[in-house]
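A structural walkthrough
Take a look at the letters that make up each chain.
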Amino acid sequence: MTTPLHDTAPSEEPAQTEEFEAIIARNDRIEPRDWMPAAYRKTLIRQIAQHAHSEIIGMQPEGAWITRAPSLRRKAILLAKVQDEAGHGLYLYSATETLGTSRDDLTRMLIMGRQKYSSIFNYPTPSYADVGTIGWLVDGAAICNQVPLCRTSYGPYGRAMIRICKEESFHQRQGYELLATMMRGTAEQQAMVQESVNRFWWPALMMFGPPDGDSPNTAQSMAWGIKRDTNDALRQKFVDMSVPQAEALGVTFPDPDLRWNADRDHYDFGEPDWEEFWSVVKGNGPCNQQRIEHRKRAYDDGAWVREAATAHAAKVRERAG
Ligand code: FAQ
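This structure is a prediction, so every number in the text was calculated from the model and none was measured.

Mean pLDDT over the protein chain stands at 95; residues scoring 70 or higher make up 96%. With pLDDT under 50 throughout, residues 1-8 is counted as low confidence; its partners more than four residues away or in other chains account for 20 contacts.

As structure tokens, then:
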């Protein structure tokens, strides 16, 4: 990876550390040219790259339905959505580049298994209803997690998140509308929706990361203002927001412990299977291998485009002078 700029241990730079901490304390933004501790930079690269990879790998499960969408309207909607996810990946790779790394390096790290992407995209999409469920629950969880990131302490990341969140909100409504249409359809269509929701509910809850007690990064990331809420707080928010939507749709979530708790003013819910979560994160989910192989094939197939673009840019520079 490219050596980061200003990669100085904080203890060697007391004045700069003080200035950095003052910016964080007054909830201002750190910008690319500002000094920052090496660990802050490293955490940002880890989180933003993982986020960028998730957007790009996340194109695969839904992308598989583009050729089989049931109408021209649904095909156009799905094409636009999947294309939006590519755009999100690009904004995020660009934000990561401001930290002194490159998209190429990050893509290679992903392909070599040295960087992660969201566990949710390692689950298959065998039914067309999954397109709606991903929009409703996966984009819904993404929005819940990402709206607070619009206020993250690193400027380029926060600014990228504003546009991403606007588009994700649109995606979520699109998914809900698709499911609502199917729920007004035949008994078979209604059953397809419920079956899809049953498969995606628990993996969607896992998107928020491990429980706070098992999350090694949360405390420091919150102290730096990179994360604004804990994993459990966001998971609760997502459950509270989703239950009334499920009721309006006419579907249920596969959790016998899910019920309103008037004392807490929140829904109680069951524990996700954290063993399954860690197994998927470690590469053993149903589709991990397929997703990475596909990404690698696309990267290899695109080599000639990157070479041609580099050669063209060199020619333009040469002509200019
Ligand atoms: N999957 O200490 P924490 C989308 C890892 S975008 C895989 O809690 P942290 C749009 C974590 O990296 C979805 N790994 O970590 C879309 C860490 O390992 P590391 C992506 C996970 O960073 C919709 C370890 O576990 N969104 O859906 C997961 O403080 C539809 C310990 O965890 C973002 O990336 C997981 N679910 O909190 C696209 C949002 N959870 O790196 C297409 C930004 C945790 O130390 C279609 N990211 N791990 O080796 C974040 O907010 C945070 O990074 C968290 C994790 C909350 C994901």
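Looking at the element boundaries, Gln190 is found in helix H8 (residues 187-206). Among the residues examined, Gln190 registers a relative accessible area of 30% and is labelled partly exposed. C-alpha of Gln190 to C-alpha of Gly285: the two residues are 95 residues apart in sequence and 27 Å apart in space. If we ignore the near neighbours within four places in the chain, the residues touching Gln190 are Met182, Met183 and Gly185. Here the side chain of Gln190 touches Gly185 through a polar contact of 3.4 Å, landing on its backbone oxygen.

The description of two packed helices rests on the angle between their axes and on the distance between the axes. Between helix H4 (residues 72-97) and helix H6 (residues 129-146), the least distance of the axes is 12 Å, while the angle of their chain directions is 40°. Classified by the angle their axes make, H4 and H6 are oblique. Here the hand of the crossing between H4 and H6 comes out left-handed. Contact residues: H4 offers Leu78, Lys81 and Glu85, while H6 offers Val131, Ile134, Gly135 and Asp139. Class assignment of the residues belonging to the contact of H4 with H6 gives a composition of three nonpolar, one polar and three charged.

With that out of the way, let us pick up the nonpolar core. In terms of nonpolar packing, the biggest core is built from 32 residues, with Trp136, Val193, Trp201, Phe238, Val251 and Phe253 touching the most fellow members. Of all the secondary-structure elements, those providing two or more residues to this core are H4, H6, helix H7 (155-183), H8 and helix H10 (231-249). Non-local contacts of Phe253, meaning those with residues more than four positions away in its chain, are made with Trp136, Leu137, Val197, Trp201, Ser242, Val243, Ala246 and Leu258. Counting 27 residues, the second largest nonpolar core, distinct from the first, contains Tyr40, Ala95, Leu106 and Tyr157.

On to the site of the ligand. In the vicinity of the ligand, 37 residues are found, and the nearest of them are Gln50, Lys116, Ser215, Lys227 and Asn231. Within the backbone of Met206, a nitrogen or oxygen atom sits 3.3 Å from a nitrogen atom of the ligand. Expressed as a share of its isolated accessible area of 1,000 Å², the protein-covered part of the ligand is 93%. Residue assignment for the shell around the ligand shows that the elements contributing at least two residues are helix H2 (38-57), H4, H6, H7 and helix H11 (274-284). Here the shell around the ligand is built from residues that sort into 15 nonpolar, 13 polar and nine charged.

Rules and cut-offs
- Within any chain, residue numbers begin from 1 and follow the written order of that chain's sequence.
- Reporting in this predicted model follows two pLDDT cut-offs: at least 70 for local features of residues, and 80 or more for side-chain atom pairs to be given and counted; totals over whole chains, interfaces and linings ignore these cut-offs and use all residues.
- To obtain the side-chain values, all non-hydrogen atoms of the structure were used and water was disregarded.
- Per-residue confidence from the predictor is given as pLDDT, running between 0 and 100.
- In what follows, a contact means two residues having at least one pair of non-hydrogen atoms within 4.5 Å.
- Each helix corresponds to a stretch of at least 4 residues labelled H or I by DSSP, and each strand to a stretch of at least 2 residues labelled E; elements are numbered beginning at the N terminus.
- Exposure is judged per residue with a 1.4 Å probe applied to protein chains only, and the accessible area is read against the type maximum: over 50% gives exposed, under 20% gives buried, and values in between give partly exposed.
- Under this definition, polar contacts are N or O atom pairs within 3.5 Å; protein pairs additionally need one hydrogen-donor-capable and one acceptor-capable atom, and for neighbouring residues in sequence, both atoms have to be side-chain atoms.
- Fitted lines through C-alpha atoms give the axes, limited to the stretch in contact for helices. The angle between two N-to-C directions lies from 0 to 180 degrees.
- In this scheme, roughly parallel covers angles under 35 degrees and roughly antiparallel covers those over 145, while 65 to 115 is roughly perpendicular and the rest are oblique.
- Two helices crossing with the near one rotated counterclockwise from the far one by less than a right angle form a left-handed crossing, whereas a clockwise rotation gives a right-handed crossing.
- All amino acids are sorted into three groups, where Ala, Val, Leu, Ile, Met, Phe, Trp, Tyr, Cys and Pro are nonpolar, Asp, Glu, Lys and Arg are charged, and the leftover types, Gly among them, are polar.
- Here, nonpolar core means buried Ala, Val, Leu, Ile, Met, Phe, Trp, Tyr and Cys residues that are tied together by side-chain atoms lying within 4.5 Å of each other.
- Proximity is defined per residue: any heavy atom of the residue falling within 4 Å of a molecule or strand makes that residue near it.
- The protein chains shown are the only cover counted for residues, whose accessible areas, like all others here, come from Shrake-Rupley with a 1.4 Å probe.

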